[in-house]
Amino acid sequence: MRNPFGRRDSAAAPGSDTNTGTGTGSGADTATGSGAGAGTGTGSRADTGAGTGNGAGSRADTGTGTGAGARADRDTGARTGPRPVPVTSHRAARAVLAVVAGALPALAFPEAGLWWLAYVALVPWLLLLRTAPTARRAALEGWLGGVGFVLAVHQWLMPSLHVFILVIAALLGLLWLPWGWLVRAMLGDGPSGLRAAAAILVIPSGWLLIELARSWEGLGGPWGLLGASQWQIAPALRLASVGGVWLVSLLVVAVNTAVALLVVSTAAVRLTGLVGLVVCALTVGVVWWGVAPPREQGTARIAVVQPGVYDGVAGAEQRFARGEELTRELVGQDLDLVVWGESSVGADLTARTDLAARLSALSRAVDAPILVNVDARRSDRPGIFKSSVLIGPQGPTGDRYDKMRLVPFGEYIPARPVLGWVTSVGKAAGEDRRRGTEPVVMTLPPEDGRPPLRIGPLVCFESAFPDMSRRLTRDGADVLVAQSATSTFQNSWAPAQHASLAALRAAESGRPMVHATLTGVSAVYAPDGGRVGAPLGTDRSAAAVYDVPLARGTTGYVRYGDWVLYGALSVLAALCAAEGMGALRRPASELRAPRARTARGSRGRRER
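### Notes on the packing of aromatic side chains
Throughout the structure, instances matching the rule amount to eleven aromatic pairs. Aromatic pair F149 and W176: ring centres 5.5 Å apart, planes at 50°, arrangement tilted. Taken together, the positions of F149 in helix α3 (residues 135-153) and W176 in the loop between α5 (164-173) and α6 (177-187) put the pair 27 residues apart, joining distant regions of the chain. In this structure F149 comes out as buried when scored by relative accessible area, which is 1%. With a centroid separation of 5.6 Å and an interplanar angle of 75°, the aromatic rings of F320 and W340 are classed as edge-to-face. Residue F320 is located in helix α10 (residues 315-328), and its partner W340 is located in strand β4 (residues 337-340); the two are separated by 20 residues in the primary sequence. Note on F320: relative accessible area 2%, which makes it buried. A cation sits over an aromatic face here: R238 above W288, 4.0 Å from the ring centre. Sitting above the plane of the Y557 ring, R470 keeps its charged end 5.9 Å from the centroid.

### Looking at unusual backbone geometry
With an omega dihedral of 10°, the bond running from P110 to E111 counts as a cis peptide bond. Here E111 shows up in the loop between α1 (88-103) and α2 (123-130). In this chain, G520 is followed by V521 through a cis amide linkage whose omega measures 5°. With respect to the helices and strands, the residue V521 is situated in the loop between β11 (513-517) and β12 (522-525). Not every positive phi belongs to a glycine, and D367 is a case in point at roughly 60°. Here D367 lies in the loop between α11 (353-366) and β5 (370-377). Its relative accessible area of 56% is what places D367 among the exposed residues. Residues other than glycine seldom take positive phi values, yet C460 does so here, at roughly 55°.

### Some details on the sheet that holds strand β10 (residues 479-484)
Strand order in the open sheet made by the six strands is β8-β9-β10-β11-β12-β13, with mixed pairing throughout. Bordering the open sheet on either side are β8 (442-443) and β13 (531-536), each of which pairs with just one other strand. The pairing of β8 with strand β9 (residues 454-459) spans two bridges and is classified as antiparallel. Note on β9: the bridge partner recorded for T443 is R454. On the sheet, helix α13 (residues 466-474) packs against β9 and β10 and is oriented at approximately 160° with respect to β9. The sheet strands contacting helix α14 (residues 494-509) are β10, β11 and β12, and the helix crosses β11 at an angle near 160°.

### As for the confidence of the model for the protein chain
Residues with a pLDDT of 70 or more make up 79% of the protein chain, whose mean pLDDT is 83. This stretch, residues 1-82, has a pLDDT under 50; its non-local contacts, to residues over four places away or in other chains, come to 134 contacts. Low pLDDT, under 50, characterises residues 588-608; the stretch is placed with 33 contacts to residues that sit more than four places away or in other chains.

### Here's the deal with the environment of P124
You can see P124 is positioned in helix α2. Separated by 23 residues in the primary sequence, P124 and A101 have C-alpha atoms spaced 6.0 Å apart. Sequence-distant contacts of P124, that is, excluding residues within four places in its chain, are made with A101 and L104.

### Details of α13
Every buried residue of α13 is listed here: P466, M468, S469, L472 and T473. Looking at the buried positions of α13, the neighbouring elements they touch are α8 (234-263), β7 (395-402), β9, β10, α14 and α15 (556-560). Trailing α13 by a residue or two, G476 shows a phi angle of about 105°, which is positive.

### Looking at the packing of α13 against α14
Orientation of α13 relative to α14, taken along the N-to-C sense of each, is 45°, at an axis distance of 10 Å. It follows that α13 is oblique to α14 by the angle criterion. As for the relative orientation of α13 and α14, their crossing is right-handed in sense. Within the contact between the two elements, α13 uses P466, S469 and T473 and α14 uses R505, E508 and S509. For the contact of α13 with α14, a count of residues per class yields one nonpolar, three polar and two charged.

### Describing the nonpolar core
Counting residues in hydrophobic clusters, the biggest one holds 126 residues, and the most contacted among them are W179, I203 and W207. A total of 17 residues in this core trace back to one element, the largest contributor, which is α8. Setting aside chain neighbours within four positions, we find W207 in contact with L122, W125, F149, W176, W179, L226 and V253. Grouped together as the second largest cluster of nonpolar side chains are 23 residues, A356, L359, A368 and V374 included.

### Notes on a nonpolar patch on the surface
A cluster of nonpolar side chains, L262, L271, L274, V275, V278, V279 and L282, forms an exposed patch at the surface whose accessible area comes to about 600 Å². Tallying contributions element by element places helix α9 (residues 267-290) first for the nonpolar patch, with six residues. Locating V278 in the fold gives a position in helix α9.

### Points about the packing of α8 against α9
Closest axis-to-axis distance for the α8/α9 pair is 9 Å, and the angle between their directions is 170°. The orientation of α8 relative to α9 falls into the category roughly antiparallel. Two packed elements cross with a definite hand, and for α8 against α9 that hand is left-handed. On α9, the residues touching A234, P235, R238, L239, V242, L251, A254, V255, A258, V259, L261 and L262 of α8 are V269, R270, T272, G273, L274, G276, L277, C280, V284, V287 and W288. Classifying every residue of the contact of α8 with α9 gives 18 nonpolar, three polar and two charged.

### Comments concerning the pattern of salt bridges
This model, assessed by the stated rule, comprises 17 salt bridges. One salt bridge connects R301 with D547, and the closest N-O pair in it is separated by 2.7 Å. A residue pair is termed long-range when its members are at least 10 positions apart, and R301 in strand β3 (residues 296-306) and D547 in strand β14 (residues 542-551) qualify at 246 residues. Classification of R301 as partly exposed rests on a relative accessible area of 24%. Assessed through its relative accessible area of 44%, D547 is described here as partly exposed. Across the salt bridge formed by E508 and R505, the nearest N and O atoms sit 2.8 Å from each other. With E508 and R505 both in helix α14 and three residues apart, the pair spans about one turn of that helix. A cluster of three or more residues bridged by salt bridges with shared partners is formed by R378, D380, R400 and D402.

Calculation criteria
- Residues numbered from 1 in each chain as written.
- Predicted model: local features only at pLDDT ≥ 70, side-chain atom pairs only at ≥ 80, totals over all residues.
- Heavy atoms only, no water.
- Phe/Tyr/Trp six-rings, centres within 6.5 Å; stacked < 30°, edge-to-face > 60°.
- Helix = DSSP H or I, 4+ residues; strand = E, 2+ residues; numbered from the N terminus.
- Buried < 20%, exposed > 50% of the residue type's maximum accessible area, 1.4 Å probe, protein only.
- Lys NZ or Arg CZ within 6 Å of the ring centre and 35° of its normal.
- Pairing = 2+ DSSP bridges.
- Contact = heavy atoms within 4.5 Å.
- Axes fitted to C-alpha atoms, helices over the stretch in contact; angles between N-to-C directions.
- pLDDT = per-residue confidence, 0-100.
- Parallel < 35°, antiparallel > 145°, perpendicular 65-115°, else oblique.
- Left-handed = near helix turned anticlockwise from the far one by under 90°.
- Nonpolar A, V, L, I, M, F, W, Y, C, P; charged D, E, K, R; others polar.
- Core = buried A, V, L, I, M, F, W, Y, C linked by side-chain atoms within 4.5 Å.
- Patch = residues over 30% accessible without salt bridge, like charges linked within 9 Å, V, L, I, M, F, W, Y side chains within 5 Å.
- Areas by Shrake-Rupley, 256 points an atom, 1.4 Å probe, with all protein chains shown as cover.
- Salt bridge = Lys/Arg side-chain N within 4 Å of Asp/Glu carboxyl O.

Pasting the structure below:
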């Protein structure tokens, strides 16, 4: 301990200094290396060499002591002050928080349906990444949050994939690893006003690239895009008509980023966040005011047949019989089309002429063509196909669409020689389905002088892909039809989430969309994405008729495509160029040198 005159008592510490002095100035010593101290000596110590004086020099300390100057010495004996605080529990807590924060946005999707939560759900994750001690730690917490997001959004897959869902989540979570680093780079260490403004564009752009990457069929397709959580909000659907679901996602993440900036203590940064929120609101307002909704031009009367759950060996035959029964109830309804769900026919109609005859009889009875879906091995080519087949009064019309994008593990196993073992731990495909080669637009016969109705079929999770419905619209489809089956996930969030995707596809394309399933949820959406009539829930076995409004205009998304994604790529490219030139870096005079070690042996400020 020091006496009032600045002299150190020899009993203060069991170690001793090999070259010591006292000073009233400031000094900094690294662990056992050299330090610089400037000041005038006011006292003396027991030294092995020098006494008192002033100036700057280097010294090596092997003991400890406390002094008036600011200094930090590594000790080998006793020391004053608390012991170092373990950081293991702190890191573990941050890891858990990252997983939970990443999972939070899943509550914005059906069936939880807290759509408003999407605009703040990313804020806890952003703030956690912002305070990461190092860039490497931010990347790790980005990955952990991505794992949480994938698990939460795809939790309905757990009964089918079991423990393998953890492997998938860990792999897909890697897409968020660079995003974690990006968030810390833009928001961490007290961002300037310029960097905060850039963050409102850069962070959403980085998120969009993640959504683009995981939209690849081999990575599971675009399920759980953040913008899809806004499927029932009219202004968001209007945005989708301009830039697709990508523009909605961009806006949602931008709002989250602006809210996170409001939490930052700097007044200039908070003002930037407030301006960002105002710009987002104005963007929505301008689109809502300046972009007209699709103009309705006539209606089509379309029926959906939903037989319900039929499993087991005889399930396919029972399902067909129930669909046949429900279709007969539609006689006299003046229909333009009847739609059955995915896998509604379990045998090839060329081989099973009896089934083809029963379907053609139904078409004559209801006086409308019937769109069925055949899930069977074809007689004219090898392999199993899922095909939309149009049936008229004389039998199959020849219009046929073979599903092009298959569900990984559900309909095929990627790299089956390597991953084929997953069939033993889950409900993975025992045999790979075959793919179609091109989209098909089917033309229904004209009636009562009206122009022929053209329909664009999609099968199951193909309704999640914005580019497929856009292609069908550009090819002349008047109505988009998705045939689906989610009976495997009947008591989960999957049926409601799947049906909600049709609202986005309708708004993007400016065409109505019919989502017909075997077991619910079946629903119909107008060209602006608004719901038509009442949906058929998972508890229903019924047929329903919908007066579907038609439209002929062209939306911005159909005309210009994925321009939002190109814009996001341009923003990130500009950031890389600016960082390379040092345009967004702080001046060298503002960089702070790392603090010295404290008496507890921990670094005062970690190198960033």
